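In case you want the letters, here they are:
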Protein chains: 2
Amino acid sequence: MPTRARRTQRRNQVLSRERILDTAIGLLDSGGEGALTVRAMTDRLATGSGAIYYHVGNRDELLDAATESVITAALSTRSAGARATPEDEIRAVALALFDAIAEHHWLATRLTLQIIRNPVGPVTVGIFERLGRQVGALGVPRPRWFDAASTLVHYILGAISQNARVEGDTSGIDPDADREEFFDQTSRAWRDLDAESYPFMHAIVGQIREHDDREQFLTGIAVVLDGLARLR
Amino acid sequence: MPTRARRTQRRNQVLSRERILDTAIGLLDSGGEGALTVRAMTDRLATGSGAIYYHVGNRDELLDAATESVITAALSTRSAGARATPEDEIRAVALALFDAIAEHHWLATRLTLQIIRNPVGPVTVGIFERLGRQVGALGVPRPRWFDAASTLVHYILGAISQNARVEGDTSGIDPDADREEFFDQTSRAWRDLDAESYPFMHAIVGQIREHDDREQFLTGIAVVLDGLARLR
DNA sequence: ACCTGAACACCGTTCAAGT
DNA sequence: ACCTGAACACCGTTCAAGT
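The structure presented is a predicted model; accordingly, all values stated were derived computationally and were not measured.

How should the overall build of chain A be read in this particular structure?
Helix and strand content of chain A: 13 helices and 0 strands. Taken from N to C terminus, the helices and strands of chain A fall in the order α-α-α-α-α-α-α-α-α-α-α-α-α. The burial tally for chain A puts 48% of its 232 residues in the buried class. By sequence separation, contacts in chain A at least 24 residues apart represent 68% of the contacts at least 6 residues apart. Here chain A displays about 11,700 Å² of accessible surface, and carbon together with sulfur accounts for 48% of that area.

So, in structure tokens, the structure goes:
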């Protein structure tokens, strides 16, 4: 009875890489990078620290694996159908990443880090391949495909990193109220700046309160796409 | 003799905020964020840990102050003369930030963090004001100035963050050789990817070795400027 | 093979005490 | 006012020992 034997043999394996990754992501979501401690992990998983190291190597690899897990899931949204324009496909990927970071603020720092340090991994390659395929259809000549894809990736990463709220802001019950107050405070502070030294800040002080992050992101994408279409 | 009295009184103040900031930046430059420990600071400054806390509050504030110091210096390069185009001025600011991050890799993470957390501070305001002033001359209508400046900032921050090499790479004697080898490894790894699943990566595998980070950055800026000029 | 948990080296931060 | 340095709580990581 090999089935029964195997079952018995594995009865004590309560831990799995997946379970570890899930609790790590849970910890990160609730309290940012600072909340991901080995001791918090052992508490939630009811094990010793050695058990975790048996499965994941170290904290940094755990963070990378969590990043990979979230990003891979975000990118796995089905590609738009064949009829969709390249612009639609780019927007779909960009918004998927935008939403992933909105849900997991710790991703902002970690995503940038991983693309820098591991250009060969599925995160970097996945994002580049998915976006890059479209630039040809956009009218970009072949020898400039790398420049074009890089520009797109750089803009998207910069924008979504900037839209992630500060880590550890577990406080607010109503996140939207926090957001309103945050922008109110910011625009008040900008208004208090010296008008002669900061004419531009004064000119836009009303716009920060009215703007919508997501719409502004799409405007930025449109600007870049427009520029790319004219890249010769 | 008030002068003499003051001098005597201060003879024991060997520490100053400026000296602390300088050694912190030195530590960060040589070994990344991980190298900035209070103990390393007390060693270099030959003091106790309390002395540092007397001047700077805590480690996070020290990191923010170091960021502010470097960015303020980078932005203080004189504005281009009155004859310069808005495009020239934007390029000058963008390259100043690019160079600052090239020299201080730890800035990538910290700059993004500070802009998110402290939109009222001199770093955020300095960058926005300096870049934002130009968008009007670029042809962007007033109600869209905030969108335009944000797009510019997001692209620049994304691009320079992505160009910062990994922290703690103090190893190489010749940084250019490291760079070459890094791109060689990357392009080899990309070539090894499945050609059917990753047609785009295969298409650009030669371009990564030939490209120049700085030129690619300027191309990206040109793309965004081009798009902004058509923003209505 | 998988897990336990004590032990280690190293953190950031505080604070009574000195000058 | 400015600085010292021991003490504290808390890290990530290792490893002999168990099953």
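Explanation requested: the interface of chain B and chain A in the structure shown.
For an interface, size is often stated in terms of accessible area lost upon the parts coming together. On the side of chain A, 58 residues touch chain B, which itself brings 58 residues to the contact. Its largest share of buried area at the contact with chain A, chain B owes to F146, Q162 and F200 of chain B, together 15% of the area lost on that side. One can count 2 salt bridges joining chain B with chain A. Salt-bridge contacts for R230 of chain A lead to D226 of chain B; the nearest nitrogen and oxygen are separated by 3.1 Å. The tally of links between chain B and chain A comes to 20 residue pairs in polar contact (both at pLDDT 80 or more). Those elements giving two or more residues to the side of chain B that touches chain A turn out to be α7 (107-117), α8 (122-135), α9 (145-163), α10 (175-191), α11 (199-204), α12 (207-210) and α13 (213-229) of chain B. For the side of chain B that touches chain A, the class distribution of residues is 32 nonpolar, 17 polar and 9 charged.

Even after reading the chapter, I still don't get the relation of the copies chain B and chain A, so can you show me in this structure?
Between the two copies of the chain lies a rotation about an axis combined with a shift along it. Expressed as a screw operation, the relation of chain B to chain A combines 0.0 Å of axial shift with a rotation of 180 degrees, fitting to an RMSD of 0.0 Å. Viewed as a symmetry operation, the transformation between the two copies matches a two-fold axis. In this assembly the copies share their binding face: 100% of the residues contributing to the interface of chain B also contribute to that of chain A.

Would you mind showing me how to read the UniProt feature "domain: HTH tetR-type" (unreviewed entry) in chain A here?
According to UniProt, the "domain: HTH tetR-type" (unreviewed entry) feature falls on residues 14-74 of chain A. Annotated as 77% helix and 0% strand, the span residues 14-74 of chain A places its first and last C-alpha atoms 28 Å apart.

Looking at this model, I keep getting lost on the protein's contact with DNA strand C. Mind explaining?
As a matter of local geometry, DNA strand C sits amid 22 residues, with T47 and H55 of chain A together with R39, Y53 and R59 of chain B nearest to it. Note that a base oxygen of DNA strand C is positioned 2.9 Å from one of the backbone N or O atoms of G50 of chain A. At a separation of 3.0 Å, a phosphate oxygen of DNA strand C approaches a polar side-chain atom of Y54 of chain A. When the residues that make up the surface near DNA strand C are grouped by side-chain class, the tally is 8 nonpolar, 11 polar and 3 charged.

What am I meant to see in the environment of R17 of chain A here?
Residue and element names in this part refer to chain A. If you trace the backbone, R17 turns up in helix α2 (residues 17-31). The sequence separation of R17 and P199 amounts to 182 residues, and the corresponding C-alpha distance is 54 Å. Residues in contact with R17, not counting those within four places in the same chain, are H55, V56 and A65.

Conventions adopted
- Residues numbered from 1 in each chain as written.
- Chains lettered and ligands numbered in written order.
- Predicted model: local features only at pLDDT ≥ 70, side-chain atom pairs only at ≥ 80, totals over all residues.
- Heavy atoms only, no water.
- Helix = DSSP H or I, 4+ residues; strand = E, 2+ residues; numbered from the N terminus.
- Buried < 20%, exposed > 50% of the residue type's maximum accessible area, 1.4 Å probe, protein only.
- Contact = heavy atoms within 4.5 Å.
- Areas by Shrake-Rupley, 256 points an atom, 1.4 Å probe, with all protein chains shown as cover.
- Buried area = accessible area lost by both parts, 1.4 Å probe.
- Salt bridge = Lys/Arg side-chain N within 4 Å of Asp/Glu carboxyl O.
- Polar contact = N/O pair within 3.5 Å; in protein donor to acceptor, adjacent residues only side chain to side chain.
- Nonpolar A, V, L, I, M, F, W, Y, C, P; charged D, E, K, R; others polar.
- Least-squares fit on C-alpha atoms with pLDDT ≥ 70 in both.
- UniProt positions renumbered as here; feature names shortened; annotations may be inferred.
- Near = heavy atom within 4 Å.

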